[in-house]
Amino acid sequence: LRSTGNIESERKNYKQAMSFLMRALRIYEDAPDQDKNVAATLVDSASVLESSGKKDEAREVYLEAFVIYKGAGLKDEDPSVAHIIVQTKALGLQCECTQEKCESFPCKSLDPKKGLI
């Protein structure tokens, strides 16, 4: 289903792509130990949202995937996490912490154990 969703996205059939990706997401969410597949499906969904012009929604979905990946122990250097960092910065993620010149990602705006704070 994920692959079909990605194919539909390439064809610019965004509504159909999201339908396939949401079905895949429901399957992964109901199965045990599928956190990385859930996160990967969220990344695919964020990409579709981004391509269809829904930048704010895409950024939020990327961040949701980021929290899952970090909770699974992935480091920022992991290609899956690095991709999210690049995409969310390109979508205008702004630092929300109080540190001057904060260089961390996503600064203090996320806690991987709790989600958005």
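Residues numbered from 1 in each chain as written. Predicted model: local features only at pLDDT ≥ 70, side-chain atom pairs only at ≥ 80, totals over all residues. Heavy atoms only, no water.

> Whenever I open this one, the overall build of the chain confuses me. Can you help?
Helix and strand counts for the chain stand at five helices and two strands. Mapped from its N terminus to its C terminus, the chain presents α and β elements in the order α-α-α-α-α-β-β. Looking at the chain alone, contacts between residues at least 24 apart form 42% of all its contacts between residues at least 6 apart. Summing over all exposed atoms, the chain offers an accessible surface of approximately 7,200 Å²; the carbon and sulfur share of this is 47%. (Helix = DSSP H or I, 4+ residues; strand = E, 2+ residues; numbered from the N terminus. Contact = heavy atoms within 4.5 Å. Areas by Shrake-Rupley, 256 points an atom, 1.4 Å probe, with all protein chains shown as cover.)

> What am I meant to see in unusual backbone geometry here?
Excluding glycine, a negative phi dihedral is what most residues carry, and trans is how most peptide bonds are arranged. Phi is positive for Lys12, which is not a glycine, with a value near 65°. Phi is positive for Asp33, close to 55°, though the residue is something other than glycine. Along the chain, Asp33 falls in the loop between α2 (14-30) and α3 (35-51). Judged by relative accessible area, which is 78%, Asp33 ranks as exposed. (Buried < 20%, exposed > 50% of the residue type's maximum accessible area, 1.4 Å probe, protein only.)

> Quick question: what am I supposed to make of the pattern of salt bridges here?
Side-chain pairs of opposite charge can arise where the charged atoms are in close proximity. Evaluated as defined, the whole model comprises four salt bridges. Between Asp44 and Arg2 there is a salt bridge whose closest N-O contact spans 2.8 Å. Within this pair, whereas Asp44 is found in helix α3, its partner Arg2 is found in helix α1 (residues 2-10), the two being separated by 42 residues in sequence. For Arg59, the salt bridge is made with Asp56, and the minimal N-O distance between the two is 3.0 Å. Taken as a pair, Arg59 and Asp56 lie in helix α4 (residues 55-71) at a separation of three residues, close to a single helical turn. (Salt bridge = Lys/Arg side-chain N within 4 Å of Asp/Glu carboxyl O.)

> Explain the environment of Ala40 here, please?
In this fold, Ala40 is placed in helix α3. Assessed through its relative accessible area of 14%, Ala40 is described here as buried. Residues Ala40 and Val81 lie 41 residues apart in sequence; the distance between their C-alpha atoms is 10.0 Å.

> I would appreciate a short explanation of the packing of α1 against α2 in the present structure.
Packed helices, taken two at a time, are described by the angle their axes make and the gap between the axes. The geometry of α1 relative to α2 is characterised by a closest axis approach of 8 Å and an angle of 160° between their N-to-C directions. It follows that α1 is roughly antiparallel to α2 by the angle criterion. Along this stretch, α1 crosses α2, giving a crossing that reads as left-handed. On α2, the residues touching Arg2, Thr4, Gly5, Asn6, Glu8 and Ser9 of α1 are Tyr14, Gln16, Ala17, Phe20, Leu21, Ala24 and Tyr28. Classifying every residue of the contact of α1 with α2 gives six nonpolar, five polar and two charged. (Axes fitted to C-alpha atoms, helices over the stretch in contact; angles between N-to-C directions. Parallel < 35°, antiparallel > 145°, perpendicular 65-115°, else oblique. Left-handed = near helix turned anticlockwise from the far one by under 90°. Nonpolar A, V, L, I, M, F, W, Y, C, P; charged D, E, K, R; others polar.)

That is the geometry; function is a separate question.
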